[in-house]
Amino acid sequence: MKFVFLSGSFHSSSCSLAILKCVEGFFDAHEVETLVLDDLPFYSEDLNVEKPDEIKRFLAKMESADGVLCCSPEYNHSIPAVLKNAIDWASRPAFNSALKDMPVSIITQANSPVGGARAQAHLKLVFDSTLSKVHICHEMMITQVSTIFDQDMNVTSEKVLDRLARHVADFIAFTSLARS
Ligand SMILES: Cc1cc2nc3c(=O)[nH]c(=O)nc-3n(C[C@H](O)[C@H](O)[C@H](O)COP(=O)(O)O)c2cc1C
């Protein structure tokens, strides 16, 4: 199967990107790709008529995916704009977009003791509106995220690695069932 990864941040020391890089290893023989979202223009009805090339490329990748894994920080108790914008692009035409019936799993992370729980709840609400199949699972939130990495942004916390491996295995099974 083919999975695309959507990150909620793209700066050089992004915890979200580092976690996605880590979980790539748990997808075994499946194809995975982290999509670039920070070059997508803001959604506009005008651009949706004459779609720019980067939007066409993004939508083609979304359409060819069997499943979507998001990893995101929480911004002001909600979803970072870069990720929400990508979901908005992928959500058209309404109720019949690339996201319809798409298996979607969510990981949030923060330094706070709640691990981006509000962003996670908001992402579920947003994906519900697109008729995606949101992964039913133990919610995957990572608290005190800055403590889980070594200096090269490799995840070294055994506890978090175990939880991530279990989460990914469960999501692959969920996607396989949804696609069968
Ligand atoms: C604009 C902004 C708003 C933030 N708001 C929250 C918040 O509401 N709750 C929270 O736990 N952390 C908040 N943070 C902290 C980030 O979620 C946290 O540092 C996260 O680990 C950054 O992830 P990243 O490295 O993938 O960008 C905020 C950070 C920024 C830049």
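Here the structure is a predicted model, which is why all the values come from computation and not from measurement. Each chain carries its own residue numbering, running from 1 in the written order of its sequence. Given that the model is predicted, a residue must reach a pLDDT of at least 70 before its local features are reported, and side-chain atom pairs must reach 80 or more before they are shown or counted; all residues, however, enter totals for whole chains, interfaces and linings.

Caption draft 1: Up close: the overall build of the chain. The number of helices and strands found in the chain is six helices and six strands. Helix and strand definitions here come from DSSP, where helices need a minimum of 4 consecutive H or I residues and strands a minimum of 2 consecutive E residues; each element is numbered from the N-terminal end. The N-to-C order of helical and strand elements in the chain reads β-α-β-α-α-β-α-β-α-β-β-α. Here the globule rule reads 2.2 Å times residues to the power 0.38, and the radius of gyration is calculated from C-alpha atoms. Here the C-alpha radius of gyration of the chain, 15 Å, is about what a compact globule of 180 residues would show, namely 16 Å. Each principal axis of the C-alpha distribution contributes one length, and for the chain these read about 45 × 35 × 25 Å. The exposure label follows from counting other C-beta atoms within 10 Å of a residue's C-beta, where the C-beta atoms are placed from the backbone and the thresholds are 20 or more for buried and 12 or fewer for exposed, leaving partly exposed in between. By the burial criterion, 37% of the 180 residues in the chain qualify as buried. Within the chain, residue pairs in contact and separated by at least 24 positions form 76% of the contacts whose partners lie at least 6 positions apart. Contact between residues is assigned whenever the C-beta positions, reconstructed from backbone atoms, fall within 7 Å.

Caption draft 2: How the structure looks around the site of the ligand. Using a C-beta atom placed from the backbone, a residue is scored as near a molecule or strand whenever that atom is within 6 Å of it. Residues in contact with the ligand amount to 15 residues; listed here are only the nearest, Ser9, Ser16, Pro73, Ala110 and Ser112. Asp, Glu, Lys and Arg are counted as charged, while Ala, Val, Leu, Ile, Met, Phe, Trp, Tyr, Cys and Pro are counted as nonpolar; the rest, among them Gly, fall into the polar class. When grouped by side-chain class, the residues that make up the shell around the ligand number five nonpolar, nine polar and one charged.

Caption draft 3: Looking closely at the nonpolar core. One finds Leu6, Val68, Cys70 and Ala86 to be the most contacted residues of the largest nonpolar core, which totals 45 residues. If near-sequence neighbours (up to four positions away) are discounted, Leu6 is found in contact with Leu35, Leu37, Val68, Cys70, Leu83 and Ala86. For our purposes the nonpolar core covers buried Ala, Val, Leu, Ile, Met, Phe, Trp, Tyr and Cys residues that link as a set through C-beta atoms within 7 Å.

Caption draft 4: The arrangement of the environment of Val114 in detail. Looking at the secondary structure, you find Val114 in the loop between strand S4 (103–109) and helix H5 (117–129). Val114 sits 29 residues away from Thr143 along the chain, and the two C-alpha atoms are 6.0 Å apart.

Caption draft 5: Here's a closer look at helix H1 (residues 15–24). Within H1, the full set of buried residues consists of Cys15, Ser16, Ile19, Cys22 and Val23. Projected down its long axis, H1 carries its buried residues within an arc of 120 degrees, all on one side. Contacts from the buried residues of H1 go to strand S1 (2–7), strand S3 (67–72), S4 and helix H6 (158–179). Regarding the arc, it is the one traced by the directions from the helix axis to the C-beta atoms.

Caption draft 6: Region of the structure containing the packing of helix H3 (residues 53–63) against helix H4 (residues 81–90). Two elements in contact, H3 and H4, have axes separated by 10 Å at closest approach and are oriented at 75 degrees. If you check the angle between H3 and H4, you find them roughly perpendicular. Every residue of H4 that contacts H3 at Ile55, Phe58, Leu59 and Met62 is listed here: Ala86, Trp89 and Ala90. Counted by class, the contact of H3 with H4 contains seven nonpolar, no polar and no charged residues. Axis definition: a line fitted to C-alpha atoms, limited for helices to the stretch in contact. Angles are taken between N-to-C directions and run from 0 to 180 degrees. Angular relationships are summarised with four words: roughly parallel below 35 degrees, roughly antiparallel beyond 145, roughly perpendicular across 65 to 115, and oblique for the angles in between.

Caption draft 7: Representation of the environment of Leu164 within the structure. For Leu164, the location among the structural elements is in helix H6. Expressed as a C-alpha distance, the spacing of Leu164 and Ser146, which sit 18 residues apart in the sequence, is 16 Å. Excluding residues within four positions of it along the chain, Leu164 makes contact with Cys22, Val23 and Phe26.

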